[in-house]
Amino acid sequence: MNIGIIGLGDMGKVYAKAFARAGYTVMGCDLPQNRDRLEAELAPLNIKLMDDGKQVARLSDLLIYSVEADSMEQVVAQTSGSIKFGAIVAGQTSVKHPEIAIFDKYLPSDSQVITFHAMHGGGFEPAGQKLILIRYRADDAAYQRMLDLFTTIGSEIVEISDYHEHDKISADTQAVTHVGFESMGTAWASAGFFPWENASYLGGIDNVKILITLRIFSYKAHVYAGLAILNPYARQQVKRYAQSESELFKLMIMEDEQTLRDRLYKARDFVFHESRKLIMLNDAVMDEFTFHGSVQDRKANSHLSILSMVDAWYHLGVNPYDNLIGQTPPYRLRLGIAEYLFKNEDLLEESIQTALYDKSIRGDDLEFHSAVREWSSIINYGDIEGYKKHFNQVQSFFSHRLEEGQQHSADMIRKLMQK
């Protein structure tokens, strides 16, 4: 099977290399200005660089579009006329509604559409990572070829027959998850301090928050913008998250302890019902990744970002454990730290008391409240360019620690997810 990949960015390259190492014939193309660099990197693996997407499409038994979501329609329109008769066509975008609409509009009727979504970033090899495979229109033989392909490179395949289901899961596991961490990063940048230099963010849960935030801001803005704005289910879920955060923040300001406590315990009993199979994060590993200072110097934290997520899951009627079939490492760790907080009576009580009565953390919570509102508004307006600008502004604040954060977060993810 000749495999062609149009778009050899971070994810396109990862899969091109994996397919080539597994013995497949692989070719691809990218923007002309990237040709020499990609040739030097990929030619030793016998991955052939082509001049343009039409050449790739004409020779490929499996054609994968691995381009930015907002460029997808233009690229498919330019190349669809060159696709081989009966070829399998796939997209690597993270939101399938617009991708499927584009395929329906431009692909030949004989094309077999079996698309996929790799649930990891470009810093991870496909082996051992979850990959969602979606059969849209294809015969059994073509679908078996795709199953065999991803089995060969070691992907952990999750089969989903409905792209609507995929996008609902992605809205929770990616769009809302990213907004939570992006809001933390925005709050810290707006307040003008690095969290690892503040005693309220030392050890345990806060190590996970910091490292996943740095990890998200180490990638490209367009990835997250597409996930949040092009997914029709994301706006509803992000709006609910913002509403939960706002309502909890008001209860904190009013010091309405009984209402806040009742609300959080009701959400806890729904989300972390005894029937759930818990993740059980290792607290020793979480403490291991403290950037600066000692865990013993830790101050209490309200963990408003986590309280808001659990409250939002409750009001949406979402069982986050069901969505682990489409998990990403940030999502699994976010659910893990929520579970860690809500299943520990002492820690949850500390969080509630701090949220209500500790004025030293109130300024940070106000910054977070403002950040959630900002991100929610950008997504609600469908402002992709605004999303990118906002993301890049925060990214620049953390720029000197992003590479280190990505390395540490990868180590933490591997250790925490080993079991």
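All figures in this text were calculated on a predicted structure; none of them were measured in a lab.

A. Structural detail: the overall build of the chain. Helix and strand counts for the chain come out as 18 helices and 8 strands. The C-alpha atoms of the chain give a radius of gyration of 22 Å, which matches the 22 Å a tight globule of 419 residues would have. Of the contacts formed within the chain by residues at least 6 apart in sequence, a portion of 78% connects residues at least 24 apart. Accessible surface computed for the chain: about 16,800 Å², of which carbon and sulfur atoms make up 47%. Positive and negative side-chain charges in the chain, numbering 43 and 56 respectively, have mean positions lying 3 Å apart.

B. Inspection of unusual backbone geometry at higher detail. Unusually for a residue other than glycine, glutamate 255 sits at a positive phi of about 55 degrees. Inspection of the secondary structure puts glutamate 255 in the loop between α10 (234-254) and α11 (257-271). For methionine 280, which is not glycine, the phi torsion reads 60 degrees and is therefore positive. Here methionine 280 shows up in the loop between α11 and α12 (283-288).

C. Spotlight on the packing of helix α8 (residues 204-217) against helix α14 (residues 329-342). Contact geometry of α8 with α14 gives a least axis separation of 10 Å together with a crossing angle of 160 degrees. When the axes of α8 and α14 are compared, the pair comes out roughly antiparallel. Here α8 and α14 pass one another in a crossing that is left-handed. Along its contact with α8, which presents Ile205, Val208, Lys209 and Ile212, the element α14 presents Pro330, Leu333, Ile337, Tyr340 and Leu341. Class assignment of the residues belonging to the contact of α8 with α14 gives a composition of 8 nonpolar, no polar and 1 charged.

D. Focus on the environment of isoleucine 205. Summarising the element assignment, isoleucine 205 is placed in helix α8. Sequence-wise, isoleucine 205 and threonine 177 are 28 residues apart; in three dimensions their C-alpha atoms are separated by 15 Å. When residues no more than four places from it in sequence are discounted, the contact partners of isoleucine 205 are Met286, His303, Ile306, Ile337, Tyr340, Leu341 and Leu347.

E. Local environment of the pattern of salt bridges. Summed over the entire model, instances satisfying the criterion amount to 26 salt bridges. The salt bridge partner of lysine 17 is glutamate 41, with a shortest N-O separation of 2.7 Å. Of the two residues, lysine 17 sits in helix α1 (residues 10-21) while glutamate 41 sits in helix α2 (residues 35-42), which places them 24 residues apart along the sequence. Among the residues examined, glutamate 41 registers a relative accessible area of 29% and is labelled partly exposed. Of the charged contacts in the structure, one is a salt bridge between glutamate 247 and arginine 263, with a shortest N-O distance of 2.4 Å. Taken together, the residues span a long stretch of sequence, with glutamate 247 in helix α10 and arginine 263 in helix α11 at a distance of 16 residues. Look at glutamate 247 and you get partly exposed, because its relative accessible area is 25%. Through salt bridges with shared partners, a single network forms among Arg240, Glu247, Arg263 and Asp311.

F. Up close: the environment of asparagine 2. Position of asparagine 2 among the secondary structure elements: in strand β1 (residues 2-6). Assessed through its relative accessible area of 26%, asparagine 2 is described here as partly exposed. A sequence separation of 118 residues divides asparagine 2 from histidine 120, and the C-alpha atoms of the two residues are 24 Å apart. What asparagine 2 contacts, discounting residues up to four positions off in sequence, is Thr25, Met27, Leu59, Ser60, Asp61 and Leu62. Of note is the side chain of asparagine 2, whose polar atom sits 3.4 Å from the backbone oxygen of leucine 59.

Scoring rules and cut-offs
- Residues numbered from 1 in each chain as written.
- Predicted model: local features only at pLDDT ≥ 70, side-chain atom pairs only at ≥ 80, totals over all residues.
- Heavy atoms only, no water.
- Helix = DSSP H or I, 4+ residues; strand = E, 2+ residues; numbered from the N terminus.
- Rg over C-alpha atoms; globule rule 2.2 N^0.38 Å.
- Contact = heavy atoms within 4.5 Å.
- Areas by Shrake-Rupley, 256 points an atom, 1.4 Å probe, with all protein chains shown as cover.
- Lys, Arg positive; Asp, Glu negative; His and termini not counted.
- Charge placed at Lys NZ, Arg CZ, Asp CG, Glu CD.
- Axes fitted to C-alpha atoms, helices over the stretch in contact; angles between N-to-C directions.
- Parallel < 35°, antiparallel > 145°, perpendicular 65-115°, else oblique.
- Left-handed = near helix turned anticlockwise from the far one by under 90°.
- Nonpolar A, V, L, I, M, F, W, Y, C, P; charged D, E, K, R; others polar.
- Salt bridge = Lys/Arg side-chain N within 4 Å of Asp/Glu carboxyl O.
- Buried < 20%, exposed > 50% of the residue type's maximum accessible area, 1.4 Å probe, protein only.
- Polar contact = N/O pair within 3.5 Å; in protein donor to acceptor, adjacent residues only side chain to side chain.

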